[in-house]
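Given next are the chains, with one letter for each unit.
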There are 2 protein chains.
Amino acid sequence: MARTAPRTGSTPARDRVPPHPDLRTITLQQVLEALVDPVRRQIVRALHAAGEDLPCGVIELPVSKSTATHHFHVLREAGLIRQHYVGTSRMNALRGEEFSERFPGLLETLVAEAEQRRVRALADLALQPAR
Amino acid sequence: MARTAPRTGSTPARDRVPPHPDLRTITLQQVLEALVDPVRRQIVRALHAAGEDLPCGVIELPVSKSTATHHFHVLREAGLIRQHYVGTSRMNALRGEEFSERFPGLLETLVAEAEQRRVRALADLALQPAR
DNA sequence: CCCAAAGTACGGTGGGTGTCAAACTTTGAT
DNA sequence: ATCAAAGTTTGACACCCACCGTACTTTGGG
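Scoring rules and cut-offs
- Residues numbered from 1 in each chain as written.
- Chains lettered and ligands numbered in written order.
- Predicted model: local features only at pLDDT ≥ 70, side-chain atom pairs only at ≥ 80, totals over all residues.
- UniProt positions renumbered as here; feature names shortened; annotations may be inferred.
- Helix = DSSP H or I, 4+ residues; strand = E, 2+ residues; numbered from the N terminus.
- Near = placed C-beta within 6 Å.
- Nonpolar A, V, L, I, M, F, W, Y, C, P; charged D, E, K, R; others polar.
- Pairing = 2+ DSSP bridges.
- Contact = placed C-beta atoms within 7 Å.
- Axes fitted to C-alpha atoms, helices over the stretch in contact; angles between N-to-C directions.
- Core = buried A, V, L, I, M, F, W, Y, C linked by C-beta atoms within 7 Å.
- Buried ≥ 20, exposed ≤ 12 C-beta atoms within 10 Å, placed from the backbone.
- Least-squares fit on C-alpha atoms with pLDDT ≥ 70 in both.

A.B. asks: Teacher, can you tell me more about the UniProt feature "domain: HTH arsR-type" (unreviewed entry) in chain A here?
C.D. replies: As recorded in UniProt, the sites labelled "domain: HTH arsR-type" (unreviewed entry) are residues 20–118 of chain A. Secondary structure content for residues 20–118 of chain A is 55% helix and 14% strand, and the end C-alpha separation is 33 Å.

In structure tokens form, the structure reads like this:
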């Protein structure tokens, strides 16, 4: 029942795997607070589109590095992403399957937003004849 | 194509029907901002459970009347509820069908939250033998 | 050994918003 | 005509959180 990892002696003392919450303990409140920020939704969409682990750096965000760190932290606490280190880079992966099992439909709504965004951009272009 | 209602002359000048936004103009950002507040989710759940129009007053909320007014306003702007007057009472109805068509699954997630809440309350009771 | 790269941690700032009380409006009833 | 009920409006306030810069840590490479 030891929730803290046993650390089988061979690995160095400091493990760089941050705690990932059990999805069952996540509340809708937490998830909505995480997803109400457009930058965080952008991260989620990027990870979904990539379909694989991405280091923080390759996701282009309109904020500073320290702010980005903050956003990744919030997403992890809300059970949306999983993080682990590879060298000096922190890799991020969407916890897609398990999250969708806990909150069905939510992720799909976010992905749909990306689609909307594209359609609207096209429509705006079409509706502006000249200027 | 006139988006503003024509007001067929017979009705009195001041109509007490506030503007209800077209669901197609609502963004996910707006909806999430509306639903991130627990009081507003409580309102939505109450309307869903009732299945009929309810005046503001009969929904018990942990806030003052003026704050409640504010929350109903936000929900209406986000396309989640429709309001109309009956006497001195303002009736509120969930725009359930059309909203679900625009954002499939979201409302269901909120309703599921109510279920979760009940289950957790029961579990908490069961896990506390005595004190 | 030292430096660059990639994040993290921390302290501080500004804007947004949930909150309330008080004054006001509209409606229906006495 | 007057009064109570139900909401609304309008400030004002307090707290939260997204944001940034700076300093720091860890890792891998020259």
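A.B. asks: I would appreciate a short explanation of the protein's contact with DNA strand D in the present structure.
C.D. replies: As a structural note, the neighbourhood of DNA strand D is formed by 21 residues, with Ser66(A), Pro55(B), Gly57(B), Ser66(B) and Thr69(B) the closest of them. For the surface near DNA strand D, the elements supplying multiple residues, two or more each, are helix H3 (65–77) of chain A together with helix H3 (65–77) and strand S3 (89–94) of chain B. For the surface near DNA strand D, the per-class residue count stands at six nonpolar, 11 polar and four charged.

A.B. asks: Can you walk me through the pairing of strand S3 (residues 89–94) of chain A in this structure?
C.D. replies: Here is the key point about a regular strand: its side chains alternate between the two faces of the sheet. All names here are of chain A. Bridge count between strand S1 (residues 54–55) and S3: two bridges; the pairing is antiparallel. The partner of Leu54 across the bridge, within S3, is Asn92. Two strands pair when backbone bridges link them, and strand S2 (residues 81–86) and S3 are joined in this way by six bridges, in the antiparallel orientation. Across the sheet, the residue bridging to Ile81 is Leu94, located in S3.

A.B. asks: Would you explain the protein's contact with DNA strand C in this entry?
C.D. replies: Surrounding DNA strand C, one finds 22 residues, the nearest of these being Pro55(A), Gly57(A), Ser66(A), Thr69(A) and Ser66(B). When contributions to the surface near DNA strand C are tallied by element, the ones reaching two or more residues are H3 and S3 of chain A together with H3 of chain B. Tallied by class, residues from the surface near DNA strand C come to six nonpolar, 11 polar and five charged.

A.B. asks: Teacher, can you tell me more about the sheet that holds S1(A) here?
C.D. replies: Two orientations exist for strands paired in a sheet by backbone hydrogen bonds: parallel and antiparallel. Residue and element names in this part refer to chain A. With antiparallel pairing, the three strands of this open sheet are ordered in space as S1-S3-S2. The sheet is open, and its two borders are formed by S1 and S2, each paired with just one other strand. On top of the sheet, helix H2 (residues 38–50) reaches S1, S2 and S3; it is set at about 80° to S3, its chief contact. Relative to S2, H3 is tilted by about 125°, and along the sheet it contacts S2 and S3.

A.B. asks: What should I look at first to understand the nonpolar core in this one?
C.D. replies: Side chains of a nonpolar character, in soluble globular proteins, are inclined to be buried together. Grouped together as the largest cluster of nonpolar side chains are 36 residues, with contacts concentrated most on Val31(A), Leu75(A), Leu80(A), Val31(B), Leu75(B) and Leu80(B). Of all the secondary-structure elements, those providing two or more residues to this core are helix H1 (28–35), H2 and H3 of chain A together with helix H1 (28–35), helix H2 (38–50) and H3 of chain B. Discounting chain neighbours no more than four positions away, the residues touching Leu75(B) are Ala34(B), Arg40(B), Ile43(B), Leu80(B) and Ile81(B).

A.B. asks: Help me understand the relation of the copies chain B and chain A, please; the structure alone is not making it clear to me.
C.D. replies: For the pair of chain copies, the relating transformation is a rotation about an axis with a translation along it. You can overlay chain B on chain A at an RMSD of 0.1 Å; the transform is a turn of 180° with a shift of 0.0 Å along its axis. Taken together, the turn and the small shift mark the pair as related by a two-fold rotation axis. In terms of proximity to the rotation axis, the leading residue of chain B is Gly105(B), whose C-alpha is 2.7 Å off the axis.

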